[in-house]
Amino acid sequence: MDNYLEICIYPTTSIREAMEVIGGGRVKIALVVDFDGQLLGTLNDGDVRRSILKGKGLEENIEDSYNATPIYIDNEKSQNELLDFCLKNNINQLPIVGKNNKVVDLFIVDEFFLKQHKNTVVLMVGGLGSRLRPLTENTPKPMLEVGGKPILETIIEGFAKSGFNNFVMCIGYKADVIRNHFKDGSEFGVSIEYVTESKRMGTAGALTLIKKKPKEAFFVMNGDLLTKASYESLLEFHKFNKAVATMCVREYDIEVPYGVVSMNNENITSIEEKPVHSFFVNSGIYLLEPECIDLIPNNKYYDMPSLFEKMISLEEKIISFPLREYWLDIGRMPEYEQANKEYPGVFK
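Note that the coordinates shown come from a computational prediction; the quantities given were computed from them, not determined experimentally.

### Considerations on the pairing of strand β6 (residues 103-108)
Walk down a regular strand and you will see the side chains alternate between the two sheet faces.
Part 1: Note that strand β5 (residues 93-97) and β6 share five bridges and pair antiparallel. Bridged to valine 97 within β6 is valine 103.
Part 2: Counting the residues that bridge the hairpin from β5 to β6 gives five residues, and of these asparagine 100 lies at a positive phi of roughly 60°.

### Overview of a nonpolar patch on the surface
Part 1: Taken together, the side chains of Val261, Met263, Ile268 and Ile271 define a hydrophobic patch exposed on the protein surface, amounting to about 420 Å² of accessible area.
Part 2: Elements with a contribution of two residues or more to the nonpolar patch: β15 (259-264) and β16 (267-273).
Part 3: Inspection of the secondary structure assignment puts isoleucine 271 in strand β16.

### Points about the nonpolar core
Part 1: Membership of the largest hydrophobic core comes to 47 residues, with the highest contact counts inside it found for Leu123, Phe159 and Met169.
Part 2: At five residues, the largest contribution of residues to this core is made by helix α4 (residues 151-161).
Part 3: Non-local contacts of leucine 123, meaning those with residues more than four positions away in its chain, are made with Leu152, Ile155, Ile156, Phe159, Phe167, Val168, Met169, Cys170 and Met221.
Part 4: Among the nonpolar cores identified, the runner-up in size contains 27 residues, and Ala204, Ala206, Leu207 and Val244 belong to it.

### Brief notes about the sheet that holds strand β3 (residues 39-44)
Part 1: Spatial strand order, β1-β2-β3: three strands in an open sheet with mixed pairing. Only two strands of the sheet have a single partner each, and these edge strands are β1 (8-9) and β3.
Part 2: Of the strand pairs in this sheet, β1 and strand β2 (residues 29-33) are connected by two bridges, and their pairing is parallel. Looking across to β2, one finds that isoleucine 9 is bridged to valine 32.

The rules behind the values
Residues numbered from 1 in each chain as written. Predicted model: local features only at pLDDT ≥ 70, side-chain atom pairs only at ≥ 80, totals over all residues. Heavy atoms only, no water. Pairing = 2+ DSSP bridges. Helix = DSSP H or I, 4+ residues; strand = E, 2+ residues; numbered from the N terminus. Patch = residues over 30% accessible without salt bridge, like charges linked within 9 Å, V, L, I, M, F, W, Y side chains within 5 Å. Areas by Shrake-Rupley, 256 points an atom, 1.4 Å probe, with all protein chains shown as cover. Salt bridge = Lys/Arg side-chain N within 4 Å of Asp/Glu carboxyl O. Core = buried A, V, L, I, M, F, W, Y, C linked by side-chain atoms within 4.5 Å. Buried < 20%, exposed > 50% of the residue type's maximum accessible area, 1.4 Å probe, protein only. Contact = heavy atoms within 4.5 Å.

Right, here's the structure in full:
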């Protein structure tokens, strides 16, 4: 690749700096080298997210976060040999080293193929949007304009840019507004099918209405979200962990507006002034294996949290994927106003 040195970092590099390198490059990987340029390992988006979930701070270095046993190859191989090696080992990026194990390049499989994913994207767009009335009296919430275009159009563009072009929209309230705008999706470079809810089915229940059950892992996303989430990274993370279901989570901070008093019986042991508590919350974006649909009751309202609780009880492998990119749930008027203010700086 051109300018491979731009993705070279050191073990002393902070998590925050590494995130900027990975997030800013098209290959979503960083090469960890020593000060002589010798390859020490690789760091990808999944490595970073796993470190964050383990409580690693953004200012801490990546020393124990990167893969110290990466697959690499010497620079005497031809392009066809490099491609064959990658395909046999199911890898997309391959560090190339020269004398003394110094990095000389990075081979990228995607540069040889225009990658299009087969994974279906199911968008839940049938809600009433009651909290945004009167804006939603004649317009379904996903079709409200933010930045001069419907929220739903921005969502579709985000997936399409990452190579996901097959959509199913679960529609209900003011369904014709959505159908008339997007039609079969061809005007937007994608394919769209529609599933109509005759009654409220919930974010999981509507999946039972899909005519053709997906053959690969499929996305489910609420239609009132604005995000710059990396859908390819989510898919890679899901596959790497061999998960049945993955839920995107977002860190959410709550500040207690008072001094919190800790006590042992009547004795005060400490006072913490306005502490901040951090939680991971459901962000409304999921990746599910096809068999998850079999766990959902037919013709019944069923939400996604209920499906995850059921999978927990069955001891299925369900995992979390922390979102560090821009994300906003447009559920109320303050968020709608915030979205219109922030859109130009985030999406343009």
